[in-house]
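Chain by chain, the residues run as shown.
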Amino acid sequence: MSFIDKSQTLNFTFDGKDYQGFEGDTLASALLRADVKVVARSFKYHRPRGIMGAGSEEPNALVEIHGAGTCEPNRRATTIKLFDGLDARSQNHMGSVNFDLLALNDFIHPFLAAGFYYKTFMWPKAFWEKLYEPVIRRAAGLGKLLTTADPDSYDKGFLHCDLLIIGAGPAGLLTALNAGRSGAHVILADEDFRMGGRLLSESLEIDGGDAADWLSQTIDELESLPNVRLMPRTSIYGVYDHGIYGGLETISDRIGVSGAKQILWRIYAAQSVLASGATERPIAFANNDRPGIMLASAVRSYANRFDVTAGKNIALLTNNDDGLRTRAEHIIDTRKDQHIVDVSGRKGVKSITLNTGEKLNVDGVAMSGGWNPNVHLTCHKRGRPKWNEALSCFVPDAVNLPTDMRVIGSANGTFSTHGVFEEANKTSKELGYKTSDAPVTEDAPLNLSPFWFVNGKKRGWVDFQNDVTVKDITLAHQEGFSSVEHVKRYTTLGMATDQGKTSNVTGLAVLADTTGRTIPETGTTIFRPPYTPVPIGAFAGAHRGQHFKPTRLTPSHKYAAETGATFVETGYWKRAQWFARDGEQGWRDSVDREVTMTRSSVGICDVSTLGKIDIQGADAGKFLNKVYVNTFSTLKPGKCRYGLMLREDGIAMDDGTSARLSETHYIMTTTTAKAGPVFTHLEFCRQVLVPNMDVHLISTTDQWAQFSVAGPNARKLLQKIVDAEFDISNEAFPYMACGEITVCGGLRARLFRLSFSGELAYEISVPARYGDALIRELMQQGEKFDAIMYGTEALGVMRIEKGHAAGNELDGRTTAAHLGLGGFVSKKKDCIGKVLSQREGLANDVRMVGVMPVNRKDRLTNGAHFMTFSDAETPENDQGHMSSVAWSPSLQSYIGLGFLKDGANRKGEVIKAVDYMRNNHVEVKIVSAHFIDPDGERLRV
Amino acid sequence: MIINHPLLGPRDASEFSYLGDASLMHRPNPKSETAALEFYEYQYLRKNTSGEMRELWFHEQGDRSWLVVTRNISTHEITKVELARDVARSTS
């Protein structure tokens with residue numbers, strides 16, 4: 001009886017050599033059948049290692065899977081479902097796995113004991129980074145991570161259920177049957193690709209027949225229930241708050257599959273039952289890590305499930321009756337004062353020496369040191385398991401389990417199959433499900449008498465994956481590291497990728513013995529997610545490459561792309577940065593042309609990315625008074641006003657214009673970057689601070705396409721598309737006017753006479769779906785004016801020329817006064833941030849100023865610090881800094897904006913702009929921030 | 001975590017953004033003689049106690065409600081979820 005299909009042969013290679021296995025094999029079982037003994041090298045000492053376990057607890061047999069030009073390292077051979085064409089390779093060696101040059105480490109092991117690198121490689125200090133660390137890193141470690149892109153895709157899914165059962169051994173299966181028959185929505189997840197747990201590995205009888213028959217009947221019935229979802233190969237790796245569980249389903253171990261390779265599930269479960277079983281413990285004796293030495297339960301798994309014998313002549317070392325189920329030629333029972341003191345056979349066991357002095361020639365050793373319940377998931381919310389003296393293991397403590405989780409079966413320390421079924425029924429009943437008679441099966445006691453390790457001169461392994469021996473733990477204690485947390489960190493016990501599944505408790509027992517304490521006095525360590533490793537790719541799911549974040553495109557994106565735009569990412573948006581024309585040598589040529597043509601005729605810029613918030617209600621004006629420093633309730637319908645908003649701590653948060661369309665209707669614009677945060681802030685003010693105001697908000701950023709049309713010919717161009725009944729002459733539609741109009745023969749639109757550039761300018765908006773049509777119409781009608789589109793660079797140059805503050809100035813450190821907007825703050829009313837903006841610490845005389853180089857050829861750099869000529873260039877003498885710079889094609893000079901102490905009174909002064917980052921020190925003159933048209937005449941024509 | 005929204009029922013915490021202590025609901029009176037001190041305390045001082053706490057959460061990926069969530073910050077147990085506007089109206 002086995003669970004492999006010998007009629008289906010699978011070809012695979014290991015380290016380039018061809019082998020065959022069968023459907024139902026793991027890589028480990030297929031390698032054992034092929035008598036491959038050495039499959040890996042150990043972490044630190046590079047000792048030859050074989051397969052020790054049969055499941056996810058395996059510490060030794062880590063391999064690489066190759067395919068599609070890349071590889072996945074550190075995969076456990078015991079959890080790889082064999083497939084045809086598998087290319088598996090050993091890792092962590094120099095040379096071959098059978099002749100590893102780094103095995104030298106094993107012979108110099110006295111120098112490599114716990115903490116060796118803290119002691120040995122200290123001098124000379126500079127050697128650490130350049131020599132010691134690279135060499136140690138080369139020699140120690142696991143598989144290598146390739147930096148090539150992962151060719152596979154991963155998916156994510158969400159599931160809800162009444163009951164999540166973790167583990168499909170006898171406990172989980174009977175619970176699923178009870179809950180499923182009662183009509184509950186059940187998910188039964190098991191990390192193995194075949195459900196059954198220990199029933200697959202033991203030769204038990206259930207109800208007088210083979211356990212395999214009960215198993216297949218049970219799974220058949222569960223599969224027939226529509227309310228039960230069976231999820232094999234799904235490792236529940238984490239328990240989170242409020243009944244949320246993380247699961248990783250593996251679809252394929254092959255690299256480069258079509259479709260998702262793995263699925264990360266988020267499972268919302270009203271209740272859960274943890275039936276995750278138990279993991280057998282090794283016993284630490286000299287050279288207990290030799291290939292051929294396995295857990296007794298693994299020996300039985302390979303025999304019963306995979307039809308593979310781990311050896312022809314096996315010695316069993318056990319401290320309990322469960323171990324005696326293992327077929328062995330020699331039984332060494334620690335309860336009869338028998339144990340193993342040494343092993344010979346470097347690449348495979350040849351003989352063992354007993355404490356009696358007797359030497360036995362064997363080719364394998366099965367170790368049974370008792371069982372550790374798999375309590376990991378009970379600890380993910382800080383639950384601490386408690387020590388059960390009778391069973392000599394940690395069991396979950398009912399008082400600190402995750403909410404709505406119950407633990408049954410061997411995960412709860414119930415080791416007989418009969419006891420497991422009884423417990424499943426009891427728990428089903430507690431959960432309100434119908435129960436059936438427990439199947440009749442074995443009820444043998446464990447009869448365990450603790451035996452953890454053999455004291456001796458040679459090394460006996462506790463943590464196989466991280467190469468931690470009994471001596472390392474006793475050494476840690478000698479050197480003063482006696483707390484279990486210190487011992488872990490000093491020796492790295494239990495800190496490998498297996499999280500100490502086979503080593504933690506044994507390590508604790510060794511420490512307890514060394515320090516003369518009991519195990520509960522010594523303490524325990526608890527577990528964090530993930531229970532088994534989860535690839536980063538699975539967490540990323542489909543959010544890779546361009547799908548890593550959303551991309552927002554402006555309504556004119558298509559047109560811009562067609563006309564040579566270079567795009568820049570601003571948050572999620574892609575905005576046109578400049579539009580290069582033939583013959584232009586670089587971006588500066590394009591930007592200079594865009595500024596010049598806009599200022600001389602007309603330019604159009606897509607400003608749809610600015611946040612647009614529709615604000616309506618009887619109290620809309622009052623509401624804006626609360627959030628802006630200046631007053632909006634007095635704004636007349638049909639007018640716009642610039643507004644500045646503060647954070648409650650008094651610092652400027654955002655600015656923009658708000659237009660009043662009617663008594664009860666305003667449209668606020670925000671900066672592109674702050675559209676989201678401002679909206680959140682306004683909702684906070686509305687719902688929490690002024691809950692009785694009649695005002696409602698909605699973001700309409702995505703609903704309207706908005707273009708700035710700027711330049712002396714802006715009105716002439718707009719008149720070609722605005723329908724005739726709307727008079728937009730200077731008299732009828734003056735600076736800061738706004739209104740609802742129609743364009744192009746009846747398309748509804750909004751027109752705002754606003755200017756960021758300093759020119760005669762409008763912003764026109766139409767429903768977003770007409771944005772593409774509108775830009776094409778504007779550009780076509782604009783041909784006779786040489787109308788151009790300009791990008792964010794030209795936009796930036798023109799706003800600096802005009803002296804408008806933007807993100808570089810509203811940098812989270814500046815106040816209204818700093819920005820030269822102190823006069824905007826209404827004295828008649830309160831607003832958010834007003835009280836704290838008057839704090840002593842903020843009330844200084846730093847002001848925004850304009851800056852020009854004395855020598856017109858000099859280049860300005862932002863981030864430069866202002867210094868006087870008489871002061872030493874030290875941080876104490878800092879006078880302020882340059883926040884924005886641009887080449888001004890209008891002034892044929894670099895210009896800058898910055899913040900300067902006493903900036904209001906220093907116009908005309910010449911100081912230094914010092915930039916040690918770029919080694920650019922420039923003599924500059926302080927000027928008005930309004931480089932262009934300081935009186936605003938152009939705006940009003 | 002799951003937050004039981006008073007209007008929409010249980011929602012995953014990833015739909016929400018977090019602001020902090022619900023004491024931020026009690027904005028001081030700017031006309032008070034000690035307004036400067038009161039605003040300083042309002043803005044910067046928090047009790048920072050363990051155990052049960054009232055906090056403000058925003059249903060940003062949902063209906064844009066601000067909520068007052070009573071949560072034990074040691075165990076994450078949520079015992080009460082209210083619309084912040086209801087709370088604010090009842091105390092204003």
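Model, not experiment: these values are computed from the prediction.

Draft legend 1. Geometry of the sheet that holds strand β38 (residues 696–699) of chain A. Residues and elements named next belong to chain A. Taken together, five strands build an open sheet; the order of strands is β35-β36-β37-β34-β38 and the sheet is antiparallel. For this open sheet the edge positions go to β35 (639–646) and β38, each flanked by a neighbour on one side alone. Pairwise comparison of adjacent strand axes, ignoring direction, gives a mean angle of 25° for this sheet. Sheet topology places strand β34 (residues 611–616) next to β38; four bridges connect them, and they run antiparallel. Note on β38: the bridge partner recorded for I613 is S699. Here helix α16 (residues 620–627) sits on the sheet in contact with β34, β35, β36 (652–662), β37 (665–670) and β38, set at roughly 25° to β37.

Draft legend 2. The arrangement of unusual backbone geometry in detail. Residues and elements named next belong to chain A. A cis amide bond links P529 with the next residue in sequence, P530, at an omega value of 0°. With respect to the helices and strands, the residue P530 is situated in the loop between α12 (519–522) and α13 (536–540). Not every positive phi belongs to a glycine, and N447 is a case in point at roughly 50°. Position of N447 relative to the elements: it lies in the loop between α8 (417–430) and β28 (461–463).

Draft legend 3. Up close: the side chain of R575 of chain A. Residue and element names in this part refer to chain A. Take R575: it is sitting in strand β32 (residues 573–579). Of the buried charged residues, R575 lacks a salt bridge, with D606 as the closest side chain of opposite charge at 6.3 Å. With sequence-adjacent residues up to four places away left out, R575 is seen in contact with T566, F567, V568, T570, D606, V607, T609, T672, T792 and L795.

Draft legend 4. Just the packing of aromatic side chains, in detail. Residues and elements named next belong to chain A. Counted by the stated rule, this structure contains 19 aromatic pairs over all chains. Between the aromatic rings of Y302 and F306, the centroid separation amounts to 5.7 Å while the plane-to-plane angle is 35°, which identifies the pairing as tilted. The class for F306 is buried, based on a relative accessible area of 2%. Aromatic side chains F481 and Y490 sit 4.1 Å apart centroid to centroid with 15° between the ring planes, which places their arrangement in the stacked category. Judged by relative accessible area, F481 falls into the partly exposed class, the value being 27%. We classify Y490 as buried; its relative accessible area is 9%. Three or more aromatic residues joined by ring pairs form one cluster here, namely W387, F394 and W452. For R459, the ring lying beneath its charged end belongs to Y45, and the centroid distance is 4.7 Å.

Draft legend 5. Geometry of the sheet that holds strand β44 (residues 847–853) of chain A. All names here are of chain A. Strand order in the closed barrel formed by six strands is β44-β47-β46-β45-β48-β49, with antiparallel pairing between adjacent strands. On average, each strand axis in the sheet is inclined to that of its neighbour by 45°, with strand direction left out of account. Alignment of strand β46 (residues 880–888) against strand β47 (residues 893–900), held across eight bridges, turns out to be antiparallel. Its bridge partner being in β47, A886 is matched across the sheet by I895. Strands β46 and β47 of the sheet are contacted by helix α20 (residues 792–802), whose axis makes an angle of about 120° with β46.

Parameters and conventions
- In every chain, residue numbers begin from 1 and rise along the written sequence.
- Chain A is the first chain written and ligand 1 is the first ligand written, with later ones labelled in order.
- Residue-level local features of this predicted model are given only where pLDDT is at least 70; pairs of side-chain atoms are given and counted only at 80 or more, and the full residue set underlies all totals for whole chains, interfaces and linings.
- The side-chain quantities take in all heavy atoms of the structure and omit both hydrogens and water.
- In short, DSSP must find at least two bridges between two strands for them to pair.
- For the purposes of this entry, the term helix denotes a DSSP run of H or I that reaches at least four residues, the term strand denotes a run of E that reaches at least two, and both are numbered from the N terminus.
- Axis angles are defined between N-to-C directions and span 0 to 180 degrees, where every axis is a line fitted to C-alpha atoms and, for a helix, only to the segment in contact.
- We call two residues contacting when some pair of their heavy atoms lies within 4.5 Å.
- For every residue, the accessible area obtained with a 1.4 Å probe (protein chains only) is divided by the maximum for its type, and the residue is called buried under 20%, exposed over 50%, and partly exposed between those limits.
- Charge assignment in this entry is limited to Lys and Arg as positive and Asp and Glu as negative, and neither His nor the chain termini are counted.
- Here a salt bridge means any side-chain nitrogen of Lys or Arg lying within 4 Å of a carboxyl oxygen belonging to Asp or Glu.
- Pairs were defined over the aromatic rings of Phe, Tyr and Trp, the Trp ring being its six-membered one, requiring ring centres within 6.5 Å. Orientation was assigned from the angle between planes: stacked under 30 degrees, edge-to-face over 60, tilted for the rest.
- The criterion is that NZ of a Lys, or CZ of an Arg, lies within 6 Å of the ring centre and within 35 degrees of the ring normal, and then a charge sits over that ring.

Everything listed here is a matter of geometry and, on its own, says nothing about what the molecule does.
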